[in-house]
Every structure is written in structure tokens, then in C-alpha cells.
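Listed below, chain by chain, are the residues.
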Amino acid sequence: MLLLAAAFIVAFVLLLYMVSPLISPKPLKLPGAHVVVTGGSSGIGKCIAIECYKQGAFITLIARDENKLLQTKKEIEKYSVNDKQVVLCISVDVSKDYELVENVLKQAQEKLGPVDLLVNCAGTSVTGKFEDIEVSSFERLMGVNYLGSVYPSRAVISTMKERRMGRIVFVSSQAGQLGLFGYTAYSPTKFALRGLAEALQMEVKPYNIYVTVAYPPDTDTPGFAEESKTKPLETKLISETSSVCQAEQVARVIVKDAIQGNFNSSVGSDGYMLSILTSGMSPVTSITEGLQQVVCMGIFRIFGLFYLGSFDSIVRRCMMQREKSESADKTE
């Protein structure tokens, strides 16, 4: 009887794997496609632009620093695969003025054609204890990390609907799946992208438009290096429990998932576990993905509890050391 049940389960899983490709979205073809990358002058954004350019795409880079944009443009152009490819640079703050963002993206589409893939990578971070972070920083991060993704997406969505095709990527963070010490200003802005992505995906799926939320781990970028300078001790110790990824590796994964139309994009074993644990009511792009979530959720929750326990231990230990140090200073 057990043998029969096991055989049935195996047959069922194999059937799911066979049927899954039939209901998954068709991959986006990058050769000749117009890819827009915000925050594209450095870090993950630059690497995503390079990866798409290597595959024959036309690129529009959007960032604030014009000098960085021009330097990045020269770097990307080294990877051209044909003479027709173009890298267009636009210097604008995507979080300040929606009408301005709409106008520059309209100009980009007039030059390079409709946007096939939009990658919202513009973002910034501030770390520190909740009571030590300036209130203005909470407002600024919500503007850059959230509205800086809303505005470009809003500017291209109508054309994508008319064409019945398109991809939109929101680059969140593992801190957008799990709230950690020191990220009270940053994490909520990245969590917000998940809510936006889920609601938007439900709206645009009938138009053959697919949304991807990327959850990169700590990544070796200029932004990460700057953030590390102000991290509280607790945050540094928690970060040491995972390795730092290279931006090129993260970019390859994000581009691959965006092309396939996958809703979740994660890197490494920790990223895979977090994506399963936080899947909730998020959409799936294949039956097998949903099956993996159902099977692995309980097991990964056990692992997650151990992680949370170790994080809490780090925070308590640091608090006790700090109080002990403060007490010693008072007695002297």
C-alpha cells in the first residue's frame, strides 16, 4: 500500500513538471529589446544593464549623477554584440517629480522603442537604532526606495498594456523579507515593494505582463560599502551569519528570472529558504513552484526559528555588553 502511494506521488510530481511549462509565461527575448534600468550607474543596476547588453538589448540608464552615467555607458558599450546597440543615459531623480519621470521615459521610448523590461533598481539605505535615525530619513527612504519604483512603473505600464507584453522588476532586499536590527528605516520601504508587486501583478497578468520582485542578499556594491560604515554592532554581527555576494552573480539571477517571468527572484540557499517562508499569497508562475512552497514551508520554518533565536541572542548579548560598559564608565 505504501509502495503504491509513493508511486502515485512520484507520478503526480512528474505530471506537474510536464504540465508546468505549458502554463508558464513565454520567456522574453532580449536581443533587440529595450531595457530601462533605474539606479543603473553603479552596483547591481549597472551589472543588470551589462548582462542585458551582452544579450543584445538596447539600454536606457537612469540615475542622478551624470558623470557616473557617462562612465558606466562607456563600460557597458565594451560588451556590445552588434553595431546597432545603443546605450542611452538620462540624468534624473526618479523619486521627485512624476511628470518629469514620465516625460524622460517618453523620450527614451521615442528613441529606442517601447520599454520591454523595466528594472527598478534605484535605492538607498540608512542604518541605525530606531530612536537614533532622523525622522527625515524615514521620509527620504520611502521616497527613493518606494516612490522611485512607483513613478517609472506608472510611466510605462499603459504602453505595456497596449502591446500586451512587458516585464517589470522591483529590486527589494532580503531586508524586505525579514525585519532586522538597524533597518527600521530601510526594511519597510523594501517590504512595500512586495505589496506593490503583488497588487500590480494581479492587474497586469491578463495583459501578458509579468512582475518580478528580487531579494538580493548583502552584495558587494558601493552602496553596501557606504552602508557598512554606519551599521550598529548588532547589525554587523547578524550580517556575518551570511556571505556577501558579487553584484554580477546577483544581476545574472535577476535577469534570468525577469526573462522567465518569475515573481520571486532570490540568490543562494538562504535566499531560496526566505522566498519559500515568505511566499504567503504571492503569485506563482508554475505548478512546481507552488508545490515546492507547500512541501518545504514547514521544514524551513524550523530552520527559520533557529536563525531568529541566534539573532535575538546577538542583540541581547550586545545590550548586556553595552550596559556593562556604561556602568563601568559611571563608576570611574
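Residues numbered from 1 in each chain as written. Predicted model: local features only at pLDDT ≥ 70, side-chain atom pairs only at ≥ 80, totals over all residues. Heavy atoms only, no water.

A.B. asks: Please set out the environment of glutamate 131 residue by residue, giving values where relevant.
C.D. replies: Relative to the helices and strands, glutamate 131 is located in the loop between β4 (117-120) and α5 (135-163). Residue glutamate 131 is classed as exposed on the basis of its relative accessible area, which comes to 59%. Separated by 124 residues in the primary sequence, glutamate 131 and valine 255 place their C-alpha atoms 38 Å from one another. (Helix = DSSP H or I, 4+ residues; strand = E, 2+ residues; numbered from the N terminus. Buried < 20%, exposed > 50% of the residue type's maximum accessible area, 1.4 Å probe, protein only.)

A.B. asks: I'd love a proper account of the sheet that holds strand β5 (residues 166-171), names of residues and values included.
C.D. replies: Strand order in the open sheet made by the 7 strands is β3-β2-β1-β4-β5-β6-β9, with parallel pairing throughout. Two strands close off the open sheet at either side, each with one partner strand: β3 (87-91) and β9 (264-266). Direction aside, neighbouring strands of the sheet carry axes that sit 15 degrees apart on average. Against the sheet, helix α9 (residues 247-260) makes contact with β4, β5, β6 (209-215) and β9, and its axis sits at roughly 160 degrees relative to β9, the strand it touches most. (Pairing = 2+ DSSP bridges. Axes fitted to C-alpha atoms, helices over the stretch in contact; angles between N-to-C directions. Contact = heavy atoms within 4.5 Å.)

A.B. asks: Can you tell me about the packing of helix α2 (residues 43-54) against α9, naming the residues and giving the values?
C.D. replies: Put simply, α2 and α9 touch, their axes get as near as 8 Å, and they point 60 degrees apart. As far as their axial angle goes, α9 and α2 are oblique. Relative to α9, the crossing made by α2 is right-handed. Taking contact as the criterion, the partners of Gly43, Ile44, Cys47, Ile48, Glu51 and Cys52 in α2 are, on α9, Ala247, Glu248, Val250, Ala251, Arg252, Ile254 and Val255. Residue classes in the contact of α2 with α9 are distributed as 9 nonpolar, 1 polar and 3 charged. (Parallel < 35°, antiparallel > 145°, perpendicular 65-115°, else oblique. Left-handed = near helix turned anticlockwise from the far one by under 90°. Nonpolar A, V, L, I, M, F, W, Y, C, P; charged D, E, K, R; others polar.)

A.B. asks: Quick one: what's the story with a nonpolar patch on the surface, residue by residue and with numbers?
C.D. replies: Residues Ile299, Ile302, Phe303 and Phe306 make up a contiguous nonpolar surface patch of roughly 440 Å² in combined accessible area. Among the structural elements, phenylalanine 306 can be located in helix α11 (residues 287-331). (Patch = residues over 30% accessible without salt bridge, like charges linked within 9 Å, V, L, I, M, F, W, Y side chains within 5 Å. Areas by Shrake-Rupley, 256 points an atom, 1.4 Å probe, with all protein chains shown as cover. Salt bridge = Lys/Arg side-chain N within 4 Å of Asp/Glu carboxyl O.)

A.B. asks: Would you mind going over a positive patch on the surface in detail, with residue names and values included?
C.D. replies: A contiguous patch of positive charge, built from Arg64, Lys68, Lys96 and Arg140, is present on the exposed surface. Structurally, the position occupied by lysine 96 is in the loop between β3 and α4 (98-112). Judged by relative accessible area, lysine 96 falls into the exposed class, the value being 65%. (Lys, Arg positive; Asp, Glu negative; His and termini not counted. Charge placed at Lys NZ, Arg CZ, Asp CG, Glu CD.)

A.B. asks: Help me get a handle on the packing of aromatic side chains, residues and values and all.
C.D. replies: Summed over the entire model, instances satisfying the criterion amount to 6 aromatic pairs. Their ring planes at 65 degrees and their centres at 5.8 Å tell us that tyrosine 98 and tyrosine 151 sit as a pair that is edge-to-face. Within this pair, whereas tyrosine 98 is found in helix α4, its partner tyrosine 151 is found in helix α5, the two being separated by 53 residues in sequence. Taken together, the ring pairs connect Tyr272, Phe300 and Phe303 into an aromatic cluster. (Phe/Tyr/Trp six-rings, centres within 6.5 Å; stacked < 30°, edge-to-face > 60°.)

A.B. asks: Can you break down the side chain of threonine 72 residue by residue, with the values?
C.D. replies: As for its position among the elements, threonine 72 is in helix α3 (residues 66-77). With sequence-adjacent residues up to four places away left out, threonine 72 is seen in contact with Gly40, Ser41, Lys46 and Leu61.

A.B. asks: Mind laying out α4, listing which residues take part and the relevant values?
C.D. replies: Over its 15 residues, α4 runs 21 Å from end to end, which matches the ideal 21 Å to within 8%, given 1.5 Å per residue. Within the sequence span of α4, burial applies to Val101, Val104, Leu105, Ala108, Gln109 and Leu112. The buried residues of α4 occupy an angular sector of 145 degrees when the element is viewed end-on, so they sit on one face. Along α4, the residues that are exposed and aim more than 90 degrees away from the buried face are Glu99, Lys106 and Glu110. Taken together, the buried residues of α4 touch β1 (34-38), β2 (58-63), β3 and α5. For α4, the side-chain oxygen to backbone nitrogen distance between the N-cap and glutamate 99 is 3.0 Å, and the N-cap itself is aspartate 97. (Expected span 1.5 Å × (residues − 1). Arc of directions from axis to C-beta. Polar contact = N/O pair within 3.5 Å; in protein donor to acceptor, adjacent residues only side chain to side chain.)

A.B. asks: Give me the pattern of salt bridges: which residues, what numbers.
C.D. replies: Applying the stated criterion to the full structure yields 7 salt bridges. Among the ionic pairs, arginine 163 bridges to aspartate 116, the shortest N-O distance being 3.1 Å. Residue arginine 163 is located in helix α5, and its partner aspartate 116 is located in the loop between α4 and β4; the two are separated by 47 residues in the primary sequence. Since its relative accessible area comes to 9%, aspartate 116 is described here as buried. Between lysine 229 and glutamate 226 there is a salt bridge, with the nearest N and O atoms lying 3.3 Å from each other. The exposed category is assigned to lysine 229, whose relative accessible area is 61%.

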